[in-house]
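Residue-level structure breakdown
In case you want the letters, here they are:
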Amino acid sequence: MTCLCFLCVSRDYDELSSIMAVCIAVIAKENYPLYIRSVPTQNELKFHYTVHTSLDVVEEKISSVGKALADQRELYLGLLYPTEDYKVYGYVTNSKVKFVIVVDSSNTSLRDNEIRSMFRKLHNSFTDVMCNPFYIPGDPIQSKAFDSMVSAMMVQAC
């Protein structure tokens with residue numbers, strides 16, 4: 001398969017088909033996972049731990065905003081913490097559902113506005129799941145449409 005877009009012509013095609021996010025998680029208001037997906041499945045337990053530890057930072061950032069600004073707070077929390085291998089980003093909905101995206105630290109091409117865009121797509125898809133009359137709030141997310149959207153976010157295709 002040969003792509004002729006500007007980016008592919010100026011760079012190697014295999015370099016562009018890189019992983020954008022290595023783990024995407026949706027965490028309920030009560031801090032239990034509704035959905036977790038990671039790309040290298042052999043590191044799945046490591047990503048569960050990474051997502052779980054990020055919840056403390058999320059709670060800290062939410063509480064630091066203050067109760068007076070709770071209605072006007074920014075949903076995007078930004079970089080929660082970097083590690084040697086990964087960068088962990090967070091987002092909280094108005095209903096206190098948390099989204100966590102883990103990105104490989106070696107991926108320097110990913111900018112803050114692209115992370116925000118990924119969270120917006122994730123939030124919109126999550127809203128579609130919640131609007132499904134057959135979905136029971138609090139149950140694990142098993143939507144094929146949501147899963148395919150997350151898969152598309154995890155692997156960047158040109």
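For the protein chain, an unreviewed UniProt entry supplies the name Trafficking protein particle complex subunit 2-like protein and the organism Clupea harengus. According to UniProt, the comment filed for the protein chain under the heading Sequence similarities (unreviewed entry) is "Belongs to the TRAPP small subunits family. Sedlin subfamily."

**Notes on the pairing of strand 2 (residues 33-38)**
Of the strand pairs in this sheet, strand 1 (residues 23-27) and strand 2 are connected by 5 bridges, and their pairing is antiparallel. Counted as the bridge partner of Ile 27 is Pro 33 from strand 2. What sits between strand 1 and strand 2 in their antiparallel hairpin is a turn of 5 residues, with Asn 31 showing a positive phi close to 70 degrees.

**A few points about helix 4 (residues 112-131)**
Over its 20 residues, helix 4 extends 29 Å from the first C-alpha to the last, a length consistent with the 28 Å expected when each residue adds 1.5 Å. Buried within helix 4 we find Ile 115, Met 118, Phe 119, Leu 122, His 123, Ser 125, Phe 126 and Val 129. Structurally, helix 4 contributes buried residues whose contacts are with strand 1, strand 2, strand 3 (76-82), strand 4 (86-92), strand 5 (98-104) and helix 5 (144-154).

**Describing helix 5**
Residues lying three or four places apart along an α-helix face the same way, a consequence of the helix completing one turn every 3.6 residues. Buried within helix 5 we find Phe 146, Met 149, Val 150, Met 153 and Met 154. Along helix 5, the residues classed as buried sweep out an arc of 140 degrees about the axis, all on the same side. Facing away from the buried surface of helix 5 by more than 90 degrees, the exposed residues are Lys 144, Ala 145 and Ala 152. Where helix 5 is buried, its residues touch strand 1, strand 2, strand 5 and helix 4. Near the N-terminus of helix 5, the side chain that reaches the backbone nitrogen of Ala 145, with its oxygen 3.3 Å away, is that of Ser 143.

Rules and cut-offs
- Residues numbered from 1 in each chain as written.
- Predicted model: local features only at pLDDT ≥ 70, side-chain atom pairs only at ≥ 80, totals over all residues.
- Heavy atoms only, no water.
- UniProt positions renumbered as here; feature names shortened; annotations may be inferred.
- Pairing = 2+ DSSP bridges.
- Helix = DSSP H or I, 4+ residues; strand = E, 2+ residues; numbered from the N terminus.
- Expected span 1.5 Å × (residues − 1).
- Buried < 20%, exposed > 50% of the residue type's maximum accessible area, 1.4 Å probe, protein only.
- Contact = heavy atoms within 4.5 Å.
- Arc of directions from axis to C-beta.
- Polar contact = N/O pair within 3.5 Å; in protein donor to acceptor, adjacent residues only side chain to side chain.

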